[in-house]
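Reading the structure
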Amino acid sequence: MFTTTFSGELINVALRQLGATHISETRNGIMYKVEFKLSDELTVTYVFDVTKHDKYYIQRIVPYPISHGDFASAEEVIEFVRRDITKFRNAMKSHNFPKFLDTANSMVMFTHAIELLFLERNIPESDMDTLRQSIESSLDKVREIYARTPKIEKK
């Protein structure tokens, strides 16, 4: 337990140096919530768990929830957050950023709707196939746009 608490505190110090505006510890050094207020309109919030084997699980919960999975060290967590915050700082300069956030939140609502559909209804195979094709088509469109658009320049 001591190692886990130490690891969590190490991450806290590094995240404050990256500009974290609020860090709260829940569950005795096992779970942390970290906020970065990037502007009056945008706060990016993460939750991370430190396991008893000093492995880390991190999720971004605001401005939209997404799991980013397991990390092997405190340094990997810190580097991930540094890169992620840098990307948000760059992306929020785009005039399309509010549309992006709306789109990302629509995807979260879509995921929840699909989950409810599958967990609460007996879906005919033809409808499953139609949904799957629609999702695959959307993924293809995202890949096509990704391939042809310029990368955001780091500043």
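This part takes up unusual backbone geometry. The omega angle of the peptide bond from Val-62 to Pro-63 is 20 degrees, so this bond is cis rather than trans. Here Pro-63 lies in the loop between β4 (56–62) and β5 (66–71).

Let us look at the packing of helix α3 (residues 97–120) against helix α4 (residues 125–148). Packing of α3 against α4 leaves a shortest axis separation of 13 Å and a crossing angle of 165 degrees. As the angle between them shows, α3 and α4 are arranged roughly antiparallel. Once α3 is placed against α4, the crossing between them reads as left-handed. Of the residues in α4, those touching α3 at Phe-110, Ile-114, Leu-117 and Phe-118 are Met-128, Leu-131 and Ile-135. A per-class count over the contact of α3 with α4 returns seven nonpolar, no polar and no charged.

So, on to helix α2 (residues 74–91). End to end, α2 covers 26 Å across 18 residues, agreeing with the expected 26 Å (1.5 Å per residue, within 8%). The complete set of buried residues in α2 reads Ala-74, Val-77, Ile-78, Phe-80, Val-81, Asp-84, Ile-85, Phe-88, Asn-90 and Ala-91.

On to the side chain of Thr-45, then. Secondary-structure assignment places Thr-45 in strand β3 (residues 43–50). For Thr-45, a relative accessible area of 3% gives the class buried. Sequence-distant contacts of Thr-45, defined by excluding residues within four places in its chain, comprise Lys-33, Val-34, Glu-35, Gln-59, Arg-60, Ile-61 and Val-62.

Here the focus is the environment of Pro-65. Here Pro-65 lies in the loop between β4 and β5. Pro-65 sits 26 residues away from Ser-39 along the chain, and the two C-alpha atoms are 19 Å apart. Not counting residues up to four positions away in its chain, the partners in contact with Pro-65 are Arg-60 and Val-108.

In this section: the pairing of β4. Bridge count between β3 and β4: six bridges; the pairing is antiparallel. Considered in β4, the bridge of Val-47 is made with Gln-59. Between β3 and β4, which pair antiparallel and follow one another directly, the connecting turn spans five residues, one of which, Asp-54, has a positive phi of 55 degrees. Relative to β5, β4 runs antiparallel, the two sharing five bridges. Residue Arg-60 lies in a different strand from β5, and its bridge partner there is Ile-66. Hairpin connection from β4 to β5: three residues lie between these consecutive antiparallel strands.

Thresholds, definitions, all that
- Each chain has its residues counted from 1, running along the sequence as written.
- Reporting in this predicted model follows two pLDDT cut-offs: at least 70 for local features of residues, and 80 or more for side-chain atom pairs to be given and counted; totals over whole chains, interfaces and linings ignore these cut-offs and use all residues.
- Note that water and hydrogens are dropped before the side-chain values are worked out from all heavy atoms of the structure.
- A run of H or I in DSSP becomes a helix once it reaches four residues, and a run of E becomes a strand once it reaches two; helices and strands are each numbered from the N terminus.
- Helix axes are fitted only over the stretch in contact, all axes being lines through C-alpha atoms; the angle between N-to-C directions runs from 0 to 180 degrees.
- Working definition: roughly parallel below 35 degrees, roughly antiparallel above 145 degrees, roughly perpendicular at 65 to 115 degrees, and oblique for all remaining angles.
- By convention, the crossing between two helices is left-handed when the near helix turns anticlockwise from the far helix through less than a right angle, and right-handed when the turn is clockwise.
- Contact criterion: two residues are considered in contact whenever any of their non-hydrogen atoms come within 4.5 Å of each other.
- Classification used: nonpolar for Ala, Val, Leu, Ile, Met, Phe, Trp, Tyr, Cys and Pro, charged for Asp, Glu, Lys and Arg, polar for all others including Gly.
- Multiply 1.5 Å by the residue count of a helix minus one, and that product is the helix's expected span.
- A 1.4 Å probe rolled over the protein chains alone gives each residue an accessible area, and that area as a share of the maximum for its type sets the label: buried under 20%, exposed over 50%, partly exposed in between.
- Here, a strand pair is defined by DSSP locating no fewer than two bridges between the strands.

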